[in-house]
Amino acid sequence: MRRWLSRQAHLIDFTLGALLRRKGRNLMMLAVYTLIIFMLASVTFLGSALRFEAKAALNYAPEVTVQNLIMGRHALSPPDWVKKLSRIRGARNIHGRLWGYFYDQAVGANYTLMVPPPRARDLAVNLGEVIIGHAIADLRKVRQGGYLFLLSPSGKLFKLKVIRILPEDSALLSADLVLISETDYRAFFNLTPEDGYTDIALTVRNSNEIPTVVNKITRILPTARVITREDILRTYENVFSWREGIVLAMLATALVAFAIFAFDKASGLSAEERREIGILKAVGWETSDVIAMKLWEGGLISAFAFIFGAAAAYAHVFLFDASLLAPVLKGWAVLYPDFSLTPVVDRLQLITLAFITIIPFTIATLVPVWKAAITDPDIVMR
Amino acid sequence: MIRLEHVTRIHNEGRPNAVVAVNDVSLEIPKERVTVLRGPSGSGKTTLLTLIGCLARPTQGRIWLDDELISALPERFMTEVRRRTFGFIFQRFNLIRGLSALENVMLPAYPTGESHAALKARAAALLERFGLKARMHEKSELLSGGEAQRVAIARALINDPAWIIADEPTASLDTALVDQFIEEMRALKKAGKSIIITSHDPRIWQADVVDRIVTMQDGHILSVEDVSARERAEEKEQNA
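Residues numbered from 1 in each chain as written. Chains lettered and ligands numbered in written order. Predicted model: local features only at pLDDT ≥ 70, side-chain atom pairs only at ≥ 80, totals over all residues. Heavy atoms only, no water.

Let us now look at the overall build of chain B. For chain B, the helix and strand inventory stands at 8 helices and 10 strands. Residue burial in chain B is summarised as follows: out of 240 residues, 54% are buried. Look at the contacts in chain B between residues 6 or more apart in sequence, and 67% of them connect residues 24 or more apart. Counting every atom, chain B has about 10,600 Å² of accessible surface; 48% of that belongs to carbon and sulfur. (Helix = DSSP H or I, 4+ residues; strand = E, 2+ residues; numbered from the N terminus. Buried < 20%, exposed > 50% of the residue type's maximum accessible area, 1.4 Å probe, protein only. Contact = heavy atoms within 4.5 Å. Areas by Shrake-Rupley, 256 points an atom, 1.4 Å probe, with all protein chains shown as cover.)

Here it is in structure tokens:
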């Protein structure tokens, strides 16, 4: 065992020397390889982190949302629906929600205006008060205690005191959020209590009963659209997967180019390398030693590229907020959810990434080495 | 002793450009002697040397090392025999560029798994013996011809082989370095090493250290001359 370890140490020592001897070629290979890993890992890390954020944020979302549809389009839900839904056994915390979008012409951004749910006491706002997402605070340069001025669609100016700014860690859903009281909301959009609510939210006592409750709702309110939290999660999942897919498709060209480059560089043994292999075999190295040495060489390049690429991607996504990919993967509005992502790495994706990059590269180096290593070493004598 | 029985080597066998490099050669090479294979270019001496040194296999025939049939050994065992038994000095020395003299000398012993410290000490001692103590950390491409030659000899000796095989070792050396090489061969012979040299350099096969001269042409052996016996006879004649 000690001899085997010593032998491996000699092989690694020689391999490191060989890498340094051809440092120009190897550094170029390492740089391109690292860049590819960086791009792939960035997309993967960002996708995973966004899914995690979405899931975390939706933990606070109602289990079931009921929306009124008129001619297939979302319309206000009548106030008596709350009473009708209250009769369903197992349904709890039934309340009408008021939310909508508002385009702020002053800054050219869309806000989500919302009345906080009655049970969210930490988000409670009184008449003339507002809680805003940090992106709006940054955009409008408003601080806690300051005033937010909003021009309603009817042209009336609203002066709202900012009592709180929502933290960045929940910014995926709250970056563009404006929480105001029900009275202010109805006044802002010219709605009366008889107009009803944007939709109705409820929770279910036993989560296994959600499908049953959904069935009951559709029976009581046949024109309603019923959305569960699972549906929303699935939608987020699809949106992020779709965005991720688009980016990966764009990267596919770069990947193919890399594959050709890597195969060309890794598989093409120079005359100098062939001569070296001949010398090593002639002086007593076994075919397996030569192959092991080349495996170490390919493995070291790909492992370093993977570590550097993955570390750079981690820093890019979690320290620099994925500044290169945010417009593609994060943004869906003028107001980007500018938030720090929780460092979440999907191990399976990372392992898959390692496999689809390290193994093909190592194999690409192995085939020509195998061919050279099984040749009689008398090549050095000729 | 190394014994060759009807050894033939065909390069590119089965192809239109096939060449019979060694043709039905039978030969015995004694231990602890200096044997020179001589002949013009293309006579097959280097190919014969590669077959003796287990660098290639004969197309036909058998090669024995003492009582061991080495020409039929599987690749792995053949490599082991090569590492254990033979030390090679190549034409142009074939040192690996970018490695120091010391690292080049250590190279053949890497597969043995000997500890780095012990190996380094042994390689350094060898280089010191050949007067290269001050140059052992120099990159091989920066060494002079004579220094490179001595590094190549040190590399051939690192695994303490019984046989030294040298292929045209003086092809690119001046007279002083040829004399130095001959002296080094003399010292190795004295130390009990068996030496086989291919050369068409008369300075080598006229050297008094040489015991046997095998002359080759077109893959055949033309003659085997026991020079030491001849010299002894001449000495006797002169004394008489």
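Take the packing of aromatic side chains next. Tallied over the entire structure, the rule returns 14 aromatic pairs over all chains. Aromatic side chains Trp99(A) and Tyr101(A) sit 5.8 Å apart centroid to centroid with 75° between the ring planes, which places their arrangement in the edge-to-face category. Chaining the aromatic ring pairs together yields one cluster made of Phe102(A), Tyr111(A), Phe158(A), Tyr185(A), Phe188(A) and Phe189(A). Across the ring face of Phe14(A), the terminal group of Arg21(A) is positioned such that the distance to the ring centre comes to 5.2 Å. Positioned above the aromatic ring of Trp205(B) is the side chain of Arg38(B), whose terminal nitrogen or guanidinium carbon lies 4.3 Å from the ring centre. (Phe/Tyr/Trp six-rings, centres within 6.5 Å; stacked < 30°, edge-to-face > 60°. Lys NZ or Arg CZ within 6 Å of the ring centre and 35° of its normal.)

The next thing to look at is the nonpolar core. Among the nonpolar cores identified, the biggest contains 92 residues, and Trp285(A), Ile2(B) and Ile89(B) are the most heavily contacted of them. Per-element accounting of this core gives the leading share, 7 residues, to helix H5 (residues 145–157) of chain B. Setting aside its immediate chain neighbours within four residues, Ile89(B) contacts Ala152(B), Ile153(B), Ala156(B), Ile164(B), Ile165(B), Ala166(B), Asp167(B), Pro169(B), Phe181(B) and Met185(B). Formed by 40 residues, the second largest nonpolar core is a distinct cluster that contains Ile88(A), Ala109(A), Leu191(A) and Ile210(A). (Core = buried A, V, L, I, M, F, W, Y, C linked by side-chain atoms within 4.5 Å.)

Attention now moves to a positive patch on the surface. All names here are of chain A. Taken together, the side chains of Arg89, Arg92, Arg119, Arg121 and Arg205 present a region of like positive charge at the surface. By the element assignment, Arg92 lies in strand E3 (residues 91–97). By relative accessible area, which is 38% here, Arg92 ends up partly exposed. (Patch = residues over 30% accessible without salt bridge, like charges linked within 9 Å, V, L, I, M, F, W, Y side chains within 5 Å. Salt bridge = Lys/Arg side-chain N within 4 Å of Asp/Glu carboxyl O. Lys, Arg positive; Asp, Glu negative; His and termini not counted. Charge placed at Lys NZ, Arg CZ, Asp CG, Glu CD.)

Right, let's get into a nonpolar patch on the surface. On the surface, a cluster of nonpolar side chains totalling about 450 Å² of accessible area is made up of Ile351(A), Phe355(A), Ile359(A), Ile363(A) and Val367(A). Residue position: Phe355(A) is located in helix H12 (residues 347–373).

Next up on the list: the packing of helix H1 (residues 2–21) of chain A against helix H10 (residues 287–319) of chain A. All names here are of chain A. Close contact between H1 and H10 brings their axes to 9 Å; oriented N to C, the two are set at 60°. Considering their axes alone, H1 and H10 lie oblique with respect to each other. Seen from above, H1 lies across H10 with right-handed handedness. Contact residues: Arg7, Gln8, Leu11, Ile12, Phe14, Thr15, Leu16, Ala18 and Leu19 in H1; Asp289, Ala292, Met293, Trp296, Glu297, Leu300 and Ile301 in H10. (Axes fitted to C-alpha atoms, helices over the stretch in contact; angles between N-to-C directions. Parallel < 35°, antiparallel > 145°, perpendicular 65-115°, else oblique. Left-handed = near helix turned anticlockwise from the far one by under 90°.)

Okay, the pattern of salt bridges next. Summed over the entire model, instances satisfying the criterion amount to 25 salt bridges over all chains. The closest approach of N and O atoms between Arg186(A) and Glu182(A), which form a salt bridge, is 3.0 Å. Remark: Glu182(A) and Arg186(A) occur in helix H6 (residues 182–189); sequence separation between them is 4 residues, near one turn of the helix. Glu182(A) sits in the partly exposed class, given a relative accessible area of 36%. One salt-bridge network, held together by shared partners, links Arg7(A), Glu286(A), Asp289(A), Arg76(B) and Arg83(B).

Residues and elements named next belong to chain A. Looking at where Leu324 falls in the secondary structure, it is placed in the loop between H10 and helix H11 (326–329). A relative accessible area of 60% means that Leu324 is categorised as exposed. Between the C-alpha atoms of Leu324 and Met39, which are 285 residues apart in sequence, the distance is 9.5 Å. Beyond its immediate chain neighbours, meaning those up to four positions away, Leu324 contacts Phe38 and His316.

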